[in-house]
Amino acid sequence: MEISYKLRNTPLYLMDGKTVVSTTQDILYKENGVVKFSIPKDQNNRHYKQYLEWIANGNTAEEAD
């Protein structure tokens, strides 16, 4: 099983639907190229800790689109 990660940016818009107020970033967990779930950047989240360990082992996540 091949595990990888992809960063994802999610914009938050004003009521006009055009103006971006802020952007949240999370991490997509992928198995064999298929997204299984998203991981919030939360130090208490066990999946985020696994992601950080994966990065510490020299891996690189795919950049956000």
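You'll find the structure just up there.
This write-up is about the structure you can find in this document. Here the structure is a predicted model, which is why all the values come from computation and not from measurement. (Residues numbered from 1 in each chain as written. Predicted model: local features only at pLDDT ≥ 70, side-chain atom pairs only at ≥ 80, totals over all residues. Heavy atoms only, no water.)

## With respect to the pattern of salt bridges
Here the idea is simple: oppositely charged side chains can pair when their charged atoms come close. For the coordinates displayed, the defined rule picks out 3 salt bridges. The partner of E62 in a salt bridge is K30, with the nearest N and O atoms 2.7 Å apart. You can see E62 sitting in the segment after α1 (46–56) and its partner K30 sitting in strand β2 (residues 20–31), a full 32 residues away along the chain. (Salt bridge = Lys/Arg side-chain N within 4 Å of Asp/Glu carboxyl O. Helix = DSSP H or I, 4+ residues; strand = E, 2+ residues; numbered from the N terminus.)

## Some words on the nonpolar core
Membership of the largest hydrophobic core is limited to 9 residues, which are Y5, L7, I27, Y29, I39, Y48, Y51, W54 and A61. Secondary-structure elements contributing two or more residues to this core are β1 (3–13), β2 and α1. If you tally residues by element for this core, the top one is α1, at 3 residues. In contact with I39, other than residues within four places in its own chain, are Y5, D26, I27, Y29, N45, H47 and Y48. (Core = buried A, V, L, I, M, F, W, Y, C linked by side-chain atoms within 4.5 Å. Buried < 20%, exposed > 50% of the residue type's maximum accessible area, 1.4 Å probe, protein only. Contact = heavy atoms within 4.5 Å.)

## Here we look at α1
Of the residues making up α1, those classed as buried are Y48, Y51 and W54. The buried side chains of α1 occupy one side of the element, clustering within an arc of 115° when seen end-on. Looking at α1, the residues exposed on the side facing more than 90 degrees away from the buried face are R46, E53 and A56. In this structure, the buried side of α1 is in contact with β1, β2 and β3 (34–39). At the N-terminal end of α1, a side-chain oxygen is found 2.8 Å from the backbone nitrogen of H47, two or three residues along, and the residue is N45. G58 sits one or two positions beyond α1 and adopts a positive phi of about 95°. (Arc of directions from axis to C-beta. Polar contact = N/O pair within 3.5 Å; in protein donor to acceptor, adjacent residues only side chain to side chain.)

## A short note on the sheet that holds β2
Across the sheet, which stays open at both edges, the 3 strands sit in the order β1-β2-β3 with antiparallel pairing between neighbours. This sheet does not close on itself; its edge strands, each paired only once, are β1 and β3. With direction set aside, neighbouring strand axes in the sheet form an average angle of 35°. Two elements, β1 and β2, share 11 bridges in a ladder whose sense is antiparallel. Opposite Y13, over in β2, you have V20 as the bridge partner. On the sheet, α1 packs against β1, β2 and β3 and is oriented at approximately 120° with respect to β1. (Pairing = 2+ DSSP bridges. Axes fitted to C-alpha atoms, helices over the stretch in contact; angles between N-to-C directions.)

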